[in-house]
Amino acid sequence: MKSLYEIFYAVLSGTSSPEERSQFDEFMKNKGNKRLFIQVRKIWDRSARISHYPAFDKEKAFYELRYKIEKNKQVRRKYIAVSMISVAASIILMIGIFYLIRSPYLSGQNAVVSVQTELGNRSFIVLPDSTKVWLNSQSKIGYGLDFGKEERYVKLSGEGFFEVAHSKKPFIVNVNDFIIKVYGTRFNVSAYAGDMNIFTSLESGRISLEKKGEERLLVSPGQLVTYNRATENFRVSNVNVFEYSAWKENKMYLHAEPLKELAAKLERKYNVKIRFKPESLSLDIHYTGVFSNENIEEVLEAISVASDLKYHKKGNEYEIVRKQKSE
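Residues numbered from 1 in each chain as written. Predicted model: local features only at pLDDT ≥ 70, side-chain atom pairs only at ≥ 80, totals over all residues. Heavy atoms only, no water.

Q: Describe the packing of aromatic side chains, and please don't skip the residues or the numbers.
A: Following the criterion strictly, the structure yields 10 aromatic pairs and no others. Between Phe162 and Phe187, the ring centres sit 5.1 Å apart and the planes meet at 10°, which makes this aromatic pair stacked. Pair noted here: Phe162 is in strand E5 (residues 152–163) and Phe187 is in strand E8 (residues 186–191), with a separation of 25 residues, a long-range link. When its relative accessible area of 0% is taken as the criterion, Phe162 is described as buried. Here the aromatic rings of Tyr227 and Phe234 are separated by 4.8 Å at their centres, their planes lie at 50°, and the arrangement is tilted. Three or more aromatic residues link up through ring pairs in this structure, and these residues are Tyr143, Phe147, Phe162, Phe171 and Phe187. In this arrangement the basic side chain of Arg206 is found over the ring face of Tyr183, its NZ or CZ atom lying 4.8 Å from the centre. For Lys248, the ring lying beneath its charged end belongs to Phe161, and the centroid distance is 4.1 Å. (Phe/Tyr/Trp six-rings, centres within 6.5 Å; stacked < 30°, edge-to-face > 60°. Helix = DSSP H or I, 4+ residues; strand = E, 2+ residues; numbered from the N terminus. Buried < 20%, exposed > 50% of the residue type's maximum accessible area, 1.4 Å probe, protein only. Lys NZ or Arg CZ within 6 Å of the ring centre and 35° of its normal.)

Q: How would you explain unusual backbone geometry if you had to name every residue and give the values?
A: A cis amide bond, omega 0°, links Lys277 with the succeeding residue Pro278. Tracing the sequence through the fold places Pro278 in the loop between strand E15 (273–277) and helix H6 (281–284). One non-glycine residue, Asn176, adopts positive backbone phi at about 75°. Inspection of the secondary structure assignment puts Asn176 in the loop between strand E6 (171–174) and strand E7 (179–182).

Q: Can you tell me about helix H7 (residues 296–307), naming the residues and giving the values?
A: Its 12 residues place the ends of H7 16 Å apart at the C-alpha level, agreeing with the 16 Å of an ideal helix rising 1.5 Å per residue. Among all positions in H7, only Ile296, Glu297, Glu298, Val299, Leu300, Glu301, Ala302, Ile303, Ser304, Val305, Ala306 and Ser307 are buried. Regarding H7, its N-cap is Asn295, as a side-chain oxygen of that residue lies 3.1 Å from the backbone nitrogen of Glu297 further along. Of the residues one or two after H7, Asp308 is the one with positive phi, at around 60°. (Expected span 1.5 Å × (residues − 1). Polar contact = N/O pair within 3.5 Å; in protein donor to acceptor, adjacent residues only side chain to side chain.)

So this is what it looks like as structure tokens:
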């Protein structure tokens, strides 16, 4: 009789014989085996969606994954309680920051109300005009105390999804590089300070992007506008725009993104540090796929299995390197 992981590999790779399939069905009667298979299949599926990577021994990588899962089983059990306490503390911290910054202690004609979301957290706020805003990790929105008197003006740093309330008063979002004029709509903006590109995707309604000295760019529903900070040019494409706001549901869609950009997203989402050895590795590999409720190490396992990489953990930092030919 073959081992559990040999059967898993045969089923996932599509090479299982009738006998192996029968043995697999028998294994799946055990709830523990079923949970383990779901975990392994999730990483297998994610790795299959990754593109632009060197050829490698997938079977070898699978059995390395098996070893890591077995090795970490006991450790994970010990730290479940500690992890839950950490999550609770994080939520409390987020709420504390939210109310502290929103407190009306600011005074003066140019006073600003500011809401900031820390690393690893997301926030939901309602502006004075009933506009709904979702803020992604490490994002900030600010607006004046005179918001709504003549116009509705906000400044965004990071990523936010807006569901703008209808009004005759203009709604303007300033992302530093340009402004977005809104005419009652749902749209997403990703404008992190350290990113090369700003992404604006429109789900419904109408918006225009305006840069000083240039003609305004009108955007239609279903369009993604990419602004390159180096060239200062806009590029419009038709996409599934709902993928660009899926972070609200804890999903991360990747669109042929270099490892460097993916790492920045992971750092913000999981509040970790990721570095590469050599640094050039961060631009050599591109990814297409989707992650949802995986933890950081499940994501890194999927990347490693698909791209012939490995990672080392030290505290809150992960180093990603290429595997040696002898490994």
